Amino acid sequence: MRSRLAGILLSLPFFLQLLGLGDTPLGGGLCGEVFRVGDPSLALQTPGFWYGLLFMLLLALELGFGLSLLLLPLLEVRLSPGWLRGGRYLVGLLLLLFLLTRTAGLPFPGPSGWALEPAPLDPLSLLLVGLSLAGGVLLGENGRHGTAS
């Protein structure tokens, strides 16, 4: 049961990111800057665009992992502890990069070379990372109990 709940929690951020495409009070989320680009040549100069691409990739990986947690048990495939550990590492990487991009920033290519600039913090980003973290905690509990369902 825990792996199913973890699968739902890890899949949900990908779909909730769609709220960031519109102008909602929640903000743009982790990937919002990618979709608000008016001129693609200018987008390559902003840190939000590069951070958005990075988080799009991580959310897509997290979606795939979450769906595997939901679908593999239906096919009677037992999830190994290594698979669950990989999911915890993915969530840890997402959390680490979120903290880095919101505090100090990550190096991104700009017009005058590499630069550091922190990304803005919005409620949707916090919600997405919180759901991912909750799914990662459930994966940790699964690993301790030695069961995948």
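All figures in this text were calculated on a predicted structure; none of them were measured in a lab.

Peer 1: Which residues make up the overall build of the protein chain, and what values go with them?
Peer 2: Each helix and strand counted, the protein chain has six helices and two strands in total. Starting at the N terminus, the α and β elements of the protein chain follow one another as α-α-α-α-α-β-β-α. Counting over 149 residues, the protein chain shows a buried share of 40%. For the protein chain, the exposed area adds up to about 8000 Å²; of that, 71% sits on carbon and sulfur atoms.

Peer 1: Requested: an account of the environment of Gly-87, with residues and values cited.
Peer 2: Note on placement: Gly-87 falls in helix α5 (residues 81-103). With 25 residues separating them in the primary sequence, Gly-87 and Glu-62 have C-alpha atoms 7.8 Å apart. Each residue touching Gly-87, except ones within four places of it in the same chain, is listed here: Phe-65 and Leu-139.

Peer 1: Just give me the short version of a nonpolar patch on the surface, but keep the residues and values in it.
Peer 2: The grouping of Phe-14, Phe-15, Leu-18, Leu-21, Phe-35, Leu-53 and Met-56 at the surface amounts to a nonpolar patch, some 620 Å² of accessible area in total. Mapped by element, the contributors of at least two residues to the nonpolar patch are α1 (2-16) and α4 (47-71). Inspection of the secondary structure assignment puts Leu-53 in helix α4.

Peer 1: Residue-level account of the side chain of Asp-122, with values.
Peer 2: Looking at where Asp-122 falls in the secondary structure, it is placed in the loop between β2 (113-116) and α6 (123-145). Arg-102 provides the closest opposite charge to the buried, unpaired Asp-122, separated from it by 5.2 Å. At a separation of 2.8 Å, a polar atom in the side chain of Asp-122 contacts the main-chain amide nitrogen of Gly-28. Side-chain polar atoms of Asp-122 contact the backbone nitrogen of Gly-29, separated by 2.9 Å. Filtering out sequence-adjacent residues up to four positions away, Asp-122 remains in contact with Leu-26, Gly-27, Gly-28 and Gly-29.

Peer 1: Break down the packing of α4 against α5 for me, citing the residues and quoting the values.
Peer 2: Geometry of a packed helix pair, given as the angle between the helix axes and the separation of the axes. As a packed pair, α4 and α5 sit with axes 11 Å apart at the nearest point and diverge in direction by 155°. It follows that α4 is roughly antiparallel to α5 by the angle criterion. Taken as a pair, α4 and α5 cross one another with a handedness that is left-handed. In this structure, α4 contributes Tyr-51, Leu-54, Phe-55, Leu-58, Leu-59, Leu-61, Glu-62, Phe-65, Ser-68 and Leu-69 to the contact, and α5 contributes Trp-83, Leu-84, Gly-87, Leu-90, Val-91, Leu-93, Leu-94, Leu-97, Phe-98, Thr-101 and Arg-102.

Peer 1: Residues and numbers for the confidence of the model for the protein chain, please.
Peer 2: Across the protein chain, the average pLDDT comes to 84, with 86% of residues at or above 70. Averaged pLDDT values over the elements of the protein chain bottom out at 59 in helix α3 (residues 40-43) and peak at 93 in α5.

Peer 1: Let's hear about α1: which residues, and what values?
Peer 2: With 15 residues, α1 should cover 21 Å at 1.5 Å per step; its first-to-last C-alpha distance of 21 Å lies within 8% of that length. Among the residues of α1, Ser-3, Ala-6, Gly-7, Leu-9, Leu-10, Ser-11 and Pro-13 are the ones counted as buried.

Peer 1: Explain the packing of aromatic side chains to me, and be specific about the residues and the numbers.
Peer 2: Two numbers describe a pair of aromatic rings. These are the distance of the centres and the angle of the planes. Considering all chains together, one arrives at two aromatic pairs under this definition. For the pair Phe-14 and Phe-15, a centre-to-centre distance of 5.4 Å together with 90° between the ring planes defines the contact as edge-to-face. By relative accessible area, Phe-14 is classed as partly exposed at 31%. Phe-15 gets classed as partly exposed once you look at its relative accessible area, which sits at 45%.

Cut-offs used in this document
Residues numbered from 1 in each chain as written. Predicted model: local features only at pLDDT ≥ 70, side-chain atom pairs only at ≥ 80, totals over all residues. Heavy atoms only, no water. Helix = DSSP H or I, 4+ residues; strand = E, 2+ residues; numbered from the N terminus. Buried < 20%, exposed > 50% of the residue type's maximum accessible area, 1.4 Å probe, protein only. Areas by Shrake-Rupley, 256 points an atom, 1.4 Å probe, with all protein chains shown as cover. Contact = heavy atoms within 4.5 Å. Patch = residues over 30% accessible without salt bridge, like charges linked within 9 Å, V, L, I, M, F, W, Y side chains within 5 Å. Salt bridge = Lys/Arg side-chain N within 4 Å of Asp/Glu carboxyl O. Lys, Arg positive; Asp, Glu negative; His and termini not counted. Polar contact = N/O pair within 3.5 Å; in protein donor to acceptor, adjacent residues only side chain to side chain. Axes fitted to C-alpha atoms, helices over the stretch in contact; angles between N-to-C directions. Parallel < 35°, antiparallel > 145°, perpendicular 65-115°, else oblique. Left-handed = near helix turned anticlockwise from the far one by under 90°. pLDDT = per-residue confidence, 0-100. Expected span 1.5 Å × (residues − 1). Phe/Tyr/Trp six-rings, centres within 6.5 Å; stacked < 30°, edge-to-face > 60°.

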